[in-house]
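Each chain is listed here by its residues.
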Amino acid sequence: GARWREVEETYDNTDEGGKNDNIAIWDKKRVLSCPMKHQRRAFEQQLLLAAELQRPVSIHVVKAWGELFDSFDTVRNTMKNKYLAEEKHALETATDDDTLLSSNRRKKPKRLLLPPKIYFHAFSGKEGIIPSILAACEKGNVPREDVFFGFAPYDTYPP
């Protein structure tokens, strides 16, 4: 389709004489792989959008738990800064002194810093990583009961 033509044009190494001296670029691993920094940036943008819109997410992680935790940190910090900016703006634009006083005295509920529900589908991590995952979600104010794990059949049914 169109996406393949785009990839083909990007990686076309044909010189003026029509000779392609770098056929190896068509190796499936090279064309279909994506550098981790690009994957992480896209993932963080999707997580941020889901957090802002309060939509659940489904996540599949393969040998990238450190990157997942780093991405959660990035999104949590971004959401914290967003909420702080909103509160600062609200205080700056408020005109009634009573409104200012009453809003400062009320205890504010914890705002979600991550998407409201997180599902780890086809979970293949070791059992020992689960407490770290739950703790990372709780740091984003996502309660444990809103974090779910699904398992692929090959993980749950021995041959």
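Small disclaimer: the values here were computed from a predicted structure and weren't measured.

Calculation criteria
Residues numbered from 1 in each chain as written. Predicted model: local features only at pLDDT ≥ 70, side-chain atom pairs only at ≥ 80, totals over all residues. Heavy atoms only, no water. Helix = DSSP H or I, 4+ residues; strand = E, 2+ residues; numbered from the N terminus. Buried < 20%, exposed > 50% of the residue type's maximum accessible area, 1.4 Å probe, protein only. Contact = heavy atoms within 4.5 Å. 1 Å grid on protein atoms, 1.4 Å probe; cavity = no way out; pocket = protein on both sides within 12 Å on 5 of 7 lines; lining within 4 Å. Points joined across faces, edges and corners; volume = space filled by probe spheres on them. Nonpolar A, V, L, I, M, F, W, Y, C, P; charged D, E, K, R; others polar. pLDDT = per-residue confidence, 0-100. Expected span 1.5 Å × (residues − 1). Arc of directions from axis to C-beta. Core = buried A, V, L, I, M, F, W, Y, C linked by side-chain atoms within 4.5 Å. Polar contact = N/O pair within 3.5 Å; in protein donor to acceptor, adjacent residues only side chain to side chain.

Some remarks on the overall build of the chain
So, step 1. In terms of regular secondary structure, the chain is built from seven helices and three strands.
So, step 2. The linear arrangement of helices and strands in the chain, starting from the amino end, is α-α-α-β-α-α-β-α-β-α.
So, step 3. Looking at the 159 residues of the chain, the share that counts as buried comes to 26%.
So, step 4. Expressed as a percentage of contacts within the chain between residues at least 6 apart in sequence, the contacts between residues at least 24 apart total 74%.

Description of empty space enclosed by the protein
With a probe scaled to a water molecule rolled over the atoms, the places where space remains empty come into view.
So, step 1. By the definition in use, this model includes one cavity of 30 Å³ or more.
So, step 2. The computed volume of the largest cavity comes to approximately 30 Å³.
So, step 3. Surrounding the largest cavity, Ile-59, His-60, Val-61, Trp-65, Phe-120, His-121, Ala-122, Phe-123 and Ser-124 form its lining.
So, step 4. For the lining of the largest cavity, a count of residues per class yields six nonpolar, three polar and no charged.

Looking at the confidence of the model for the chain
So, step 1. On average, residues of the chain score 79 in pLDDT, and 68% of them reach the 70 mark or higher.
So, step 2. Contacts for the low-pLDDT stretch residues 11-15, under 50 throughout, to residues beyond four places or in other chains number nine contacts.
So, step 3. Here residues 19-31 is a poorly scored stretch, pLDDT under 50, and it has 20 contacts once near neighbours within four places are set aside; other chains count.

A look at helix α3 (residues 36-53)
So, step 1. The first and last C-alpha atoms of α3 sit 25 Å apart over 18 residues, in line with the 26 Å expected at 1.5 Å per residue.
So, step 2. Taken together, the buried positions of α3 are occupied by Glu-44, Leu-47, Leu-48, Ala-50 and Ala-51. Within α3, the buried residues cover an arc of 160 degrees as seen down the axis, which keeps them to one side. Of the exposed residues in α3, those oriented more than 90 degrees away from the buried face are Arg-41, Gln-45 and Gln-46.
So, step 3. In this fold, the buried residues of α3 make contact with β1 (57-59) and α4 (65-93).

Focus on the layout of surface pockets
So, step 1. In this structure, the largest pocket occupies an estimated 330 Å³ of space.
So, step 2. Lining the largest pocket are 14 residues, with Met-36, Gln-39, Phe-43, His-60 and Ala-64 sitting closest to its centre.
So, step 3. Those elements that place two or more of their residues in the lining of the largest pocket are α3 and α4.
So, step 4. When residues of the lining of the largest pocket are assigned to their parent elements, the largest contribution, six residues, is made by α3.
So, step 5. A per-class count over the lining of the largest pocket returns eight nonpolar, four polar and two charged.

Topic: the nonpolar core
So, step 1. Ranked by internal contacts, the top residues of the largest apolar core, which has 28 residues, are Ile-59, Trp-65, Leu-68, Phe-72, Ile-118, Phe-120 and Ile-133.
So, step 2. Listed by contribution, the elements that provide at least two residues to this core are α3, β1, α4, β2 (118-120) and α6 (130-139).
So, step 3. Top element by residues in this core is α4. It accounts for seven residues.
So, step 4. Apart from residues no more than four positions distant in its own chain, Phe-72 is found in contact with Leu-47, Ile-59, Leu-114, Ile-118, Phe-120, Ala-136 and Cys-137.

Section: the side chain of Glu-44
So, step 1. Turning to its location among the elements, Glu-44 is positioned in helix α3.
So, step 2. Only 3.1 Å separates the side chain of Glu-44 from the side chain of Ser-71, close enough to count as a polar contact.

Concerning unusual backbone geometry
So, step 1. The backbone of Lys-63 sits at a positive phi, close to 50 degrees, despite the residue not being glycine.
So, step 2. In this structure, Lys-63 sits in the loop between β1 and α4.
So, step 3. Here Lys-63 falls in the exposed class, since its relative accessible area comes to 81%.
So, step 4. Positive phi outside glycine occurs at Ala-122, with the angle close to 50 degrees.

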